[in-house]
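Fold and contact review
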Amino acid sequence: MKRNGFMKVKRILCTILFLALVVGILGVIEQAFRVRKPSVTNMYEEYMNLQENTLDVLFLGSSHNYYTVSPVAIWEKTGISSYVLGGPSMRMNVAAEVLKKALKTQSPEVVFLEGYSLSYTTPQTTPYLHYIYDCWPFSWEKFQSVRRVATDNEAVKELMFPIMTYHSRWKDITPEEIETFLQAEESYSGKGHIVNYAKSSKVVLDGSLYSYKREIAETEKKALEEIKTLCESKGIRLVLWAAPSGKFNEKLANNIQTLADAHQLPFLNLNEPGHIAAMGIDVAEHFCDTSHLNEYGAEIASEFLAQYIQEMGVETSQEFAFVAQWEDYCKLYHHRKQERLLRGQNTASKFLTQIQNLENCTVLFVEGDEMTNIRPYTSDRLAELELLEGIKDKKSRFVAVMNANGKMEVTSAESGDTKLSRQFGENAFVLQTAKGENGLGSITCNGKELLPRKAGLGIVVYDNLRQEVLISAVLPLKSENNKIIRAS
Amino acid sequence: MLFNSLSFLLFFPLVTLLYFALPHRGRWIWLLVCSYFFYMCWNASYAILIATSTLITYLSGVLIGKANENPDPQKAAKLKKLWVALSFCSNLAILVFFKYFYFAVDNINAVLSALHLQLVNPSFDIVLPVGISFYTFQALSYTMDVYRNDIRPEKNFGKYALFVSFFPQLVAGPIERSGNLLNQIHEEHTFNYQRMVQGLLVMAWGYFLKMVMADRVAILVNTVYNDWQAYSSGALVVASVLFAVQVYCDFSGYSYIAIGAARIMGFSLMDNFHQPYYSTSIKEFWRNWHISLSTWFKDYLYIPLGGNRKGKARTYLNLLITFLVSGLWHGANWTFVIWGGLHGLYQVIGGLTLPLRRKATKALGVRTETLSYRLMQGLITFVLVDFAWIFFRANSVSDSFGIIQRIFTQPDFSFLFGDGLMKLGLAGPELKVALLSVVVLLVGDYLQRKMCVSKAIMRQALVFRWVIYLAIIAVIAVFGIYGPNFDASQFIYFQF
C-alpha cells in the first residue's frame, strides 16, 4: 500500500514536472521565434519592467504618438519622467485596454491621448495587437482584455498563444536574431519613442494629403469616455493632443475639438500654424514620411510638449535615485542614437562625416593598408578629428588592446614596444605593438576582435560616457561605393 | 472541432479528467454529452442526423432481438430480414441523400443535357455532414451483427448512442464494431498511468504525421494538382508520389490520434493502418490500409455477395463490386469510383495472372524470398497504388486523364536538376523538412513492423524517455503547420 502511494505521488510529481518542462520549451520557442523588431513590442516589454510609480506623464495613442514624443528630450528639458505607449493605427478601445494595464503599475499625473486614434473605424488588426499583447503574461486578465479587442475567436487564440503565429518563423530566423535572443540584450525602445532618421520631402501641412471627412465613430467616443472615467477615478488629468502630421486635416481637428469641449478636456493641436512656427518645424527636414515626424522633428516637438507640460504645473515627483537612473538612461539613449546614426551610413564619406557629429566619443583609426591610399578623401578629416598623433603618417599597422582596467593600448606593429599614448577624457589609450594576420591591421577589445581583417581604414568609436565601444567598421580604401564592413 | 485545433487540446484533457473523476455509472453519460458537443461544433443541426441514425439502428436491434424470440423460425427470419432491410434502407437513404444528391443531379443533368432536355435545378442546398459515412457504417454494422446473432441487442439506448457517437473515432474512424467498442462502453476503466503515456505517444505520432508531414506535403501537392497544366510530367510525378505520403499521413495521423485518445480513456480501438506502403501486393495493401473499412466491406458486402465461394468469375465480380462501392463510399465523384474500380481491377488481374506469374518465376529460377525480389514487388505495388491515387486526388476525371497523359507522353524530368523542386510551392527549408519527415516516416514504419515503438520507448530510462517526448513536442510545435498563416485544412477523410 505504501509503495502504491509513493508511486502515485511520484507520478503526479513527474507529470507536473513534465508539463512544466513542456510549457517551458514552448515558451522558449515562442520567445526565440518572436519577431524582434526593436520597436513597439520593446516599448511594452520595457514598460512592464519599469519601477512602479515612476512616471509623471504617460503618452498614449497611435504611431503619431511614439514617433513624435521623445521622453529623453522631455526629461532633459524638464526633469519630468514620461513614457510613450502606443501601437500602429491604435483604436481607442485598444488604447483603453492599454491604459488599464498601464495604470496597474504607474500613477502618472497626466495622460496625453493622441487624437489621431479617434479617426479610425476599422478593427485593430491582429498583427498590430501582437505588438501590444505579446509581452503580457498569460493570465485571465490578458484573456479578458484580448477578448474585448480581438476581431474574432481565432485572433483571441492567436494572441493568447503567440507561438501559433511565430513558430513558422523557424526558416526566417537570422543568426543575428538568435544571437540577440541568446545574449538577452538589454531591450531598448527609447521609453516608448521610436527613432527614425529618414527624411521625406513629400510633406505638406495644409491637410491636402488627407481626405478624412467622417464623424468620430460612436465606438471611439465610448472608448474615450471609458478612458476619461478611468483617469478621473485615479485623479489623472487627461489631455487630448494631435501630433504634427501631413495627414491631419481641419475636419478631424474640429471633430476632436468638439469632443474635447463636450468632455471638458484640453486639446493641444500641434498642427496649428502658430504651434508649427513656434516649434520651428521644417517640412523638408522634420518628417520621415507624410505622416510622422522623424527624430529631428521629434526632438523639437518634444521640447515644445515639455514646455506645455511645465505650463500645466506638472512637476517631477521622482526621487534622487531615480534621477540617477534617468541620467544613465539618457546616456544609453544617446549612445544608441549615435550608434544608429553611424550604422545608417552606407558609404565611407557619409560615415566619416557622421563621425564628425559625434559627442563624447573617442575615435580610434587603424590602418589596414598603406595610408596613402585613403588620403584623397580622409586625410583632412583625420586631422580635424584630432586623431592619435603620428598614426596618420605611419605606414605601419597597429593592434589596439583594451586592458582589464579599461585602458586601450595601441602599439606600432614594427617594434613591439609602446610608443604612443594619449589621454581622451578620462580614458587613457595606449598604443601597443602587434602585427595583424595577413599583414592587415586589427583591433581587439577584451579579447574580442572589433575589426574584420580586411584592407581599409579601421575605425573604432568609443563612447566616453558609457565607457564602451559604440561601433567599429572598416572603410574601403579605393572606392567610396564599396560597402562598409562592420564587426559590431 | 479538429484534432489539430487549440479547442481540442483544451477539450480533450478536460473531458478525460472529468471522465476519470466521475463514478463509473455516470461516465458514459459524460462521454455521450461530450461526443455530441464535439460533433455539434461543426454544425449543431448535424446532431439530428446522427441521432436519427442511432435511433433507427437501435430500434432495429431491439426489433431483431424480439424477432429472435419468435417461436416460429420462418416468421422470425422474415421479421429479422424486414427490420435489417428497413434499417439499411433508411440509413443508406439518409447517406445517399446527403452525400450523393448533387452527384446524382449532375449525372442526371449530363444525360438530360445530351438529350437536350430541361435540366434539374434543385432549389435547396445540402451541406455534407462531417463523417456521415463513418458513423452510418458503424451503426449499420451493429444492425448486421445483431441480425447475425454475433451480439445481443443493446438495451441501453444511451450507451448505444455513445457507441455510434464516441468522439475520438466519430468523424473519421476507425469504423468500430459493436463487438469491440460496445462491450468496452459497459466496462469500467480505471486510470492507468502507463496506458496514458502510451496513448499520448500514439497521439503525438499522429500529430506529427498530420501537422508536420501531411499538411506540409499538401502545400506542394495542392500547388501542382490545382494547376497541373502549368507543370511538367516530372513535377506531376513528384506531386503524385507526395500525395501518397500526404493521404497516408493525413488519414493514419487521424487514426493514431483517435486510437491514442481512446486509449488514454481506457478504450481499445482497432488498428487502422499497418505500414501499407511496405506491402508487396495490392491484396496485402488492402489488408494494411484503412483496415476498419476494408474489413467492413469484406464482412458486410463481399461475403454477403458470395465472396470467393461461388467460383472464380463470381469472386472477381464480387471484388470489383466491392471496390467500386468502396470508391463511391469515399466520395461523390467519378474519380473515386475509378480509383476503387482500379483497385478492384488490380486484384482481378493479379488473381488471373497469379498462376502465370508463379510459373514464370519458377521457370526463370527467381528466388521469391530474397530482399531484392520483395523490394521489386513493393515498388511495383507502390507504383500501382500511386497511379490510382492520381484519380483520388485529381479535381475531375478529365484532370486525371490529362495528368496521366502528360506523365506518359511528355516525359520531362529536367526540373529535378537546378531549383525546379523549389518551384512547386514549398520553399527550400520547407522542402527539406518534408523530405526529412518522409525518411522519419519510413524508418518509423519499418520499426513499427518489428516492434511496438511506443512500448519500446516506454522501456527506456526516464531521462532518455523524457528527452524523446520533449523532442517530439518541440518538433511538432516548431515544424507543424498551424496558426494564422495556416488554412485550417481538415483531415482528408472527413469528407467521406
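Quick caveat, the model's predicted, so the values are computed rather than measured. (Residues numbered from 1 in each chain as written. Chains lettered and ligands numbered in written order. Predicted model: local features only at pLDDT ≥ 70, side-chain atom pairs only at ≥ 80, totals over all residues. Heavy atoms only, no water.)

Observations regarding the overall build of chain A
Across its full length, chain A holds 17 helices and 15 strands. Within chain A, the fraction of its 488 residues that count as buried is 53%. Intrachain contacts of chain A at a sequence separation of at least 6 include 72% that bridge at least 24 residues. Accessible surface for chain A amounts to roughly 22,600 Å². Of this, 51% is attributable to carbon and sulfur atoms. (Helix = DSSP H or I, 4+ residues; strand = E, 2+ residues; numbered from the N terminus. Buried < 20%, exposed > 50% of the residue type's maximum accessible area, 1.4 Å probe, protein only. Contact = heavy atoms within 4.5 Å. Areas by Shrake-Rupley, 256 points an atom, 1.4 Å probe, with all protein chains shown as cover.)

Notes on the interface of chain B and chain A
When the parts of a complex come together, some accessible area is lost, and that lost area is often used as the size of the interface. If you look at the interface, chain B gives 21 residues, while chain A gives 21 residues. A combined buried area of about 2,000 Å² lies between chain B and chain A, and 78% of that area is made up of carbon and sulfur atoms. Here Lys171 of chain A and Glu430 of chain B are joined by a salt bridge, their closest N and O atoms 2.8 Å apart. At the junction of chain B with chain A, the criterion picks out 6 residue pairs in polar contact (both at pLDDT 80 or more). Breaking the side of chain B that touches chain A down by element, the ones donating at least two residues are α1 (6–21), α8 (193–225), α16 (428–450) and α18 (462–479) of chain B. When residues in the side of chain B that touches chain A are grouped by element, the largest group, 8 residues, is from α18 of chain B. Broken down by class, the residue content of the side of chain B that touches chain A amounts to 14 nonpolar, 5 polar and 2 charged. (Buried area = accessible area lost by both parts, 1.4 Å probe. Salt bridge = Lys/Arg side-chain N within 4 Å of Asp/Glu carboxyl O. Polar contact = N/O pair within 3.5 Å; in protein donor to acceptor, adjacent residues only side chain to side chain. Nonpolar A, V, L, I, M, F, W, Y, C, P; charged D, E, K, R; others polar.)

A short note on the pattern of salt bridges
By the definition in use, this model includes 20 salt bridges over all chains. The shortest N-O distance in the salt bridge between Lys101 of chain A and Glu141 of chain A comes to 3.2 Å. One end of the pair, Lys101 of chain A, is in helix α5 (residues 92–102); the other, Glu141 of chain A, is in helix α7 (residues 140–149), with 40 residues separating them in the sequence. With a relative accessible area of 17%, Lys101 of chain A lands in the buried category. With a closest N to O distance of 2.4 Å, Glu430 of chain B and Arg216 of chain B form a salt bridge. In this pair, Glu430 of chain B is assigned in helix α16 and Arg216 of chain B in helix α8, connecting sequence segments 214 residues apart. The same class applies to Glu430 of chain B and to Arg216 of chain B, which are both buried. Residues joined by salt bridges that share partners form a network here, namely Glu97, Lys100, Arg148 and Glu226 of chain A.

Let's talk about the packing of aromatic side chains
Residues and elements named next belong to chain B. Inspection of every chain in the model, using the stated rule, returns 77 aromatic pairs over all chains. Centre to centre, the rings of Phe8 and Phe11 are 6.1 Å apart; their planes meet at 40°, and the pair counts as tilted. Linking Phe8 with Phe11, this pair stays in helix α1, spanning 3 residues, or about one helical turn. Assessed through its relative accessible area of 9%, Phe11 is described here as buried. Lys99 extends its terminal NZ or CZ atom over the ring of Trp329, reaching a point 5.3 Å from the ring centre. (Phe/Tyr/Trp six-rings, centres within 6.5 Å; stacked < 30°, edge-to-face > 60°. Lys NZ or Arg CZ within 6 Å of the ring centre and 35° of its normal.)

Some words on helix α14 (residues 371–393) of chain B
Residue and element names in this part refer to chain B. Helix length check: α14 (23 residues) gives 32 Å between terminal C-alpha atoms against 33 Å at 1.5 Å per residue, within 8%. Listed as buried for α14 are Tyr373, Gly378, Thr381, Val385, Asp386, Ala388, Trp389, Ile390, Phe391, Phe392 and Arg393. If you follow the buried residues of α14, they end up packed against α8, α9 (233–264), α10 (282–288), α12 (312–330), α13 (334–364) and α15 (397–409). (Expected span 1.5 Å × (residues − 1).)

Thoughts on a nonpolar patch on the surface
Residues and elements named next belong to chain B. On the surface, Val439, Val443, Tyr446, Leu447 and Met451 cluster together into a nonpolar patch covering about 420 Å² of accessible area. On the secondary structure map, Val443 appears in helix α16. Residue class for Val443 comes out partly exposed when judged on its relative accessible area of 44%. (Patch = residues over 30% accessible without salt bridge, like charges linked within 9 Å, V, L, I, M, F, W, Y side chains within 5 Å.)

Concerning the state of the cysteines
Residues and elements named next belong to chain B. The tally for this structure, following the rule as stated, stands at 0 disulfides over all chains. Its sulfur unpaired, Cys34 is 10 Å from the next cysteine sulfur, which belongs to Cys41. Here Cys34 falls in the buried class, since its relative accessible area comes to 5%. No disulfide involves Cys249; its sulfur sits 19 Å from the nearest other cysteine sulfur, which is in Cys452. Judged by its relative accessible area of 0%, Cys249 is buried. (Disulfide = S-S within 2.5 Å.)

Observations concerning the pairing of strand β2 (residues 82–86) of chain A
All names here are of chain A. Burial runs high along β2: 5 of the 5 residues are buried. Side chains of β2 alternate between two faces, with Ser82, Val84 and Gly86 and Tyr83 and Leu85 buried alike. Pairing geometry for strand β1 (residues 57–61) and β2, over 5 bridges, is parallel. If you follow Phe59 over to β2, its bridge partner there is Val84. (Pairing = 2+ DSSP bridges.)

Side note on the side chain of Arg91 of chain A
Residues and elements named next belong to chain A. Turning to its location among the elements, Arg91 is positioned in the loop between β2 and α5. Only 2.5 Å separates the side chain of Arg91 from the side chain of Glu220, close enough to count as a polar contact. Once residues within four sequence positions are removed from consideration, Arg91 is found in contact with Ser117, Tyr120, Thr121, Thr122, Pro123, Gln124, Thr219 and Glu220.

A short note on the confidence of the model for chain B
Summary statistics for chain B give a mean pLDDT of 88 and a share of 98% for residues scoring 70 or more. The complex model carries a pTM of 0.76, and its ipTM stands at 0.74. (pLDDT = per-residue confidence, 0-100.)

So, the environment of Thr219 of chain A
All names here are of chain A. You can see Thr219 is positioned in helix α11 (residues 218–233). You can call Thr219 partly exposed: its relative accessible area is 47%. Residues Thr219 and Met92, 127 residues apart in the sequence, show an inter-C-alpha distance of 8.1 Å. Polar side-chain contacts of Thr219 include one of 2.9 Å to the side chain of Glu220.

As for the nonpolar core
Counting residues in hydrophobic clusters, the biggest one holds 157 residues, and the most contacted among them are Phe8 and Trp389 of chain B. Excluding anything up to four places from it in sequence, Phe8 of chain B contacts Met1, Leu2, Phe3, Pro13, Phe38, Phe167, Met203 and Tyr207 of chain B. Judged by nonpolar contacts, the second largest core, of 85 residues, contains Val69, Trp241, Leu252 and Phe267 of chain A. (Core = buried A, V, L, I, M, F, W, Y, C linked by side-chain atoms within 4.5 Å.)

So, the packing of α7 of chain A against helix α8 (residues 153–160) of chain A
All names here are of chain A. At a minimum axis separation of 9 Å, α7 and α8 run at an interaxial angle of 145°. In the crossing of α7 with α8, the sense of the turn from one axis to the other is right-handed. Contact with α7, carried on its side by Lys142, Phe143, Val146 and Arg147, involves Val156, Leu159 and Met160 of α8 and no other residues of that element. (Axes fitted to C-alpha atoms, helices over the stretch in contact; angles between N-to-C directions. Left-handed = near helix turned anticlockwise from the far one by under 90°.)

Some points on the environment of Asp282 of chain A
All names here are of chain A. Topologically, Asp282 is positioned in the loop between α13 (273–279) and α14 (295–311). Taking relative accessible area as the criterion, Asp282 reaches 35% and is therefore assigned partly exposed. The spatial distance from the C-alpha of Asp282 to the C-alpha of Asn254 is 24 Å, given a sequence separation of 28 residues. At 3.0 Å, the side chain of Asp282 and the backbone nitrogen of Ala284 are in polar contact.

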